Structures are given as structure tokens and as C-alpha cells.
Amino acid sequence: MTTQLSDYDYDLPRELIAQRPLGRREGSRMMVLHRVEQRIEHRQFCELKTFLRPGDLLVLNDTRVLPARRFSDDGAIEFLFLERLEPTRWKCMVKPGRKMRVGGTAKIDNINLRVEEITSDGERVVALDQDVDLYAGGSMPLPPYIDRSSDDKDATRYQTVFARDAGAIAAPTAGLHFTPELLRDIHHAFVTLHVGPGTFLPVRSEDITEHRMHAERFSISSEATDKVNNARRVIAVGTTTVRTLESASRGDEKLLAQEGATDLFIYPPYHFRAVDVLLTNFHLPRSTLLMLVSAFAGREFLLRAYEEAIRERYRFYSYGDCMLIL
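Description of the structure in this document. Please read these numbers as outputs of a predicted model, since none were measured by experiment.

### Digging into the sheet that holds strand 17 (residues 322-325)
Pairing is mixed across the open sheet formed by nine strands, whose spatial order is 2-1-17-16-14-3-12-13-15. Each edge of the sheet is formed by a strand with only one pairing partner; in this case those strands are strand 2 (39-44) and strand 15 (258-262). Neighbour to neighbour, the strand axes of the sheet diverge by 25° on average, direction disregarded. Pairing of strand 13 (residues 216-220) with strand 15, which is carried by five bridges, proceeds in the antiparallel orientation. Its bridge partner being in strand 15, Ile-220 is matched across the sheet by Gln-258. Of the strands in this sheet, strand 3 (56-61), strand 12 (188-193), strand 13, strand 14 (233-237), strand 15 and strand 16 (277-281) touch helix 4 (residues 239-248), which is tilted by about 85° from strand 12. Helix-sheet contacts for helix 5 (residues 288-297) involve strand 1 (29-34), strand 16 and strand 17, and the interaxial angle to strand 16 is about 150°.

Here you go:
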């Protein structure tokens, strides 16, 4: 298996990037990859249950996306607030960075904000004049390939119906397809991984083994581990669920309830210990997410499936269609 960044690339027509969600969450198409037969079929997401067997367990990430995007009062600076460090100190990402160097200032809701520090990752630590909840007036942090501002509809649709524990700055998008009605008929469990800023950062090294992931907080309850340990097959919904389960797995030992942080970077070749089936959306070229799915499906088979998805005009990325890898 290759570790060259250029081998995880593909060309996508821009018009295939879904800019808005479909009218119905469960209305997406679902490409099904049969790994053993190296076979591809085209189905609808609402047919998911037909691929499930007795004893299967669906595992989903119940993180809740924070309304983390804010703009300065003059509209010149975009902020993505990652974490409240102290009552008046926050960690954030800014755009454009050149306008917010150390000592740089801006106003949000007429409250002064000053850059105290720039981290090695380019994030800013900022101090405010007052202790305010910046999330209270924020909006959904839509990914940069969605070429529009978020609106009231995104506040609902860029959030899973089972979102519970607030802490993410990006949605676990494979979970966006589910409705309460669909989940009611499927044996399932929840884990939590708070998607962090690393999801936006490109892989810059041509040798992907040199890339380092940002650590992201996760937790697995005893109720979830009991279900996972007794399942015949574990079906992970999304790459964040995969990383949570694989980070917590100890090979042949039973999964234990735990909280922690993971910087696990999964790329080919990788031996999956906890996950048997994967439901995922389509991912950006040269991304760590594409590398994870390549490790699960096989890089050549996966890229062939992406070529077919492009020919068949699938909708890509966060608000797009999905893929079931058996």
C-alpha cells in the first residue's frame, strides 16, 4: 500500500459538491461496496436495513456541533471559536490571519477582542473585555467547500437528530442521513468524539506517515461498550466513530468504558480491530478521511468507486450522498 499523498487524489467537478441538504434526511443515494467481491451497487439510504443481519449493532457519534462561527462587527474578520479557556480567554481560528497577528484587535457585539498568542498550528488565543458566551450569537460552522453563509435551516440540518453532547466544530456527517424513525427499528449505540479543527487542515507532507493529527476528545459509556462487546458485527457510522472505537480497542480484549483523547491517524495498511462495516459520506481528495476509508475498503477499489460516483453524479461531502462498505 502506498503512503504517497498524490496517490490519494481525484478530480471532482465542483457542481457535484452538495451546497444544501436534500428535502428529506433519508433521501440520499447510497453506493454499496462489497469488498470481498470487489463489486459496486447503487441503492438508496432508506434501504440500509436490508443490508443488516441479526446481531448487528449500528454505532453513531452523538457529538453536538457548536454554533462556533462569528464575524467581527465590521465583517472583516471571520472567527471559528474552538474552546473557552478561561472566562475571558478563548482559542479560535481566524480568517484572514494577516489581520489578526499578536496585538491585533477586533470587536464582536461591541466587545473588544485582542490576540494574545498565535499557536504553532496558527490558532489564536484571544482576550475579551468582558465574559460573554460567544456561542450564543454564533452560527453553524459550515465547511469551506460550501460556498455560502449558514442560515436557519443549517442550524437543524447540519446537526444529527441524535446530537447530545456539545463540543464539535464540524458535524459527523454520515449521521446526518438518519431520522428518529429509522433509528427506532435498528439496534444502535452512541459514542462521542468532538470533531476538532484538524478536520479542516490539509495533509502537507508528500509522505503521509509524517502527518500528525490533532487530538480530539472522546468518550464511550458502559452501556455502549456492553452493546459493542455483544454485537456480531459493528457497523460504524462515520469516520469519527471508527476513530473512537479503534482508539479504545485493545485487540481481542473487550472494549472498556472510557474517556480520553485520540490523535489516531488511520491509513493503509491498517488492521481494524473493532469495526466490521462502515457507513460514510464521500471525502475530500488528499484528506485524512479519504485515507481512513482507503484503509478500510482498499485504496484502488475505493478510488474506482469514486470514479463511478462521479460518472453517476452522486452528491459529495457533508450534505451529499453516502457509501456503505461491507
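Still more to cover.
### Concerning the sheet that holds strand 7 (residues 89-95)
A sheet is described by the order of its strands in space; here six strands give the open sequence 5-6-7-10-9-8, paired in antiparallel fashion. Unpaired on one side and paired on the other, strand 5 (69-71) and strand 8 (105-108) mark the two borders of the sheet. On average, adjacent strands in this sheet sit at an angle of 45° to one another, irrespective of strand direction. Across seven bridges, strand 6 (residues 78-86) lies against strand 7 in antiparallel orientation. Bridge assignment links Glu-83 to a residue of strand 7, and that residue is Lys-91.

### Some thoughts on the pattern of salt bridges
Pairing between side chains of opposite charge can happen when their charged atoms approach one another. On inspection of all chains with the given rule, the structure shows 24 salt bridges. The partner of Lys-91 in a salt bridge is Glu-123, and the shortest N-O contact between them spans 3.9 Å. Of this pair, Lys-91 sits in strand 7 while Glu-123 is found in the loop between strand 9 (111-118) and strand 10 (124-128), placing the two residues 32 residues apart along the sequence. You can call Lys-91 partly exposed: its relative accessible area is 23%.

### Some remarks on the nonpolar core
Residues Met-31, Leu-33, Tyr-158, Leu-245, Phe-316 and Met-323 are the most contacted members of the largest nonpolar core, which totals 64 residues. Counting residues per element, this core draws most heavily on helix 5, which supplies seven residues. Contacts of Phe-316, omitting those with residues within four sequence positions, involve Tyr-10, Leu-12, Leu-16, Ile-17, Ala-18, Phe-282, Tyr-306, Ala-309 and Ile-310. Core analysis: the next-biggest nonpolar cluster, separate from the first, contains 21 residues, Leu-80, Cys-92, Val-94 and Leu-113 among them.

### Regarding the packing of helix 5 against helix 6 (residues 299-311)
Contact geometry of helix 5 with helix 6 gives a least axis separation of 7 Å together with a crossing angle of 115°. As summarised for this structure, helix 5 and helix 6 are arranged roughly perpendicular, according to the angle between their axes. Listed contacts from helix 6 to Leu-290, Val-293, Ser-294 and Ala-297 of helix 5 are Arg-299, Phe-301, Leu-302 and Tyr-306. Class assignment of the residues belonging to the contact of helix 5 with helix 6 gives a composition of six nonpolar, one polar and one charged.

### A word on the packing of aromatic side chains
Applying the stated criterion across every chain yields a total of 17 aromatic pairs. Here Phe-272 and Phe-296 contribute two aromatic rings whose centre-to-centre distance is 5.0 Å and whose plane-to-plane angle is 85°, an arrangement assigned as edge-to-face. In this pair, Phe-272 sits in the loop between strand 15 and strand 16 while Phe-296 sits in helix 5, placing the two residues 24 residues apart along the sequence. Classification of Phe-296 as buried rests on a relative accessible area of 5%. Within the aromatic cluster, the residues linked to one another by ring pairs are Tyr-10, Tyr-145, Phe-282, Tyr-306, Tyr-314, Phe-316 and Tyr-317. Here Arg-29 stacks its cationic end above the ring of Tyr-314, 3.9 Å away from the centre of that ring. Of note, Arg-299 hangs over the ring of Tyr-8, and the distance from its end group to the ring centre comes to 6.0 Å.

Parameters and conventions
- Residues numbered from 1 in each chain as written.
- Predicted model: local features only at pLDDT ≥ 70, side-chain atom pairs only at ≥ 80, totals over all residues.
- Heavy atoms only, no water.
- Pairing = 2+ DSSP bridges.
- Helix = DSSP H or I, 4+ residues; strand = E, 2+ residues; numbered from the N terminus.
- Axes fitted to C-alpha atoms, helices over the stretch in contact; angles between N-to-C directions.
- Contact = heavy atoms within 4.5 Å.
- Salt bridge = Lys/Arg side-chain N within 4 Å of Asp/Glu carboxyl O.
- Buried < 20%, exposed > 50% of the residue type's maximum accessible area, 1.4 Å probe, protein only.
- Core = buried A, V, L, I, M, F, W, Y, C linked by side-chain atoms within 4.5 Å.
- Parallel < 35°, antiparallel > 145°, perpendicular 65-115°, else oblique.
- Nonpolar A, V, L, I, M, F, W, Y, C, P; charged D, E, K, R; others polar.
- Phe/Tyr/Trp six-rings, centres within 6.5 Å; stacked < 30°, edge-to-face > 60°.
- Lys NZ or Arg CZ within 6 Å of the ring centre and 35° of its normal.

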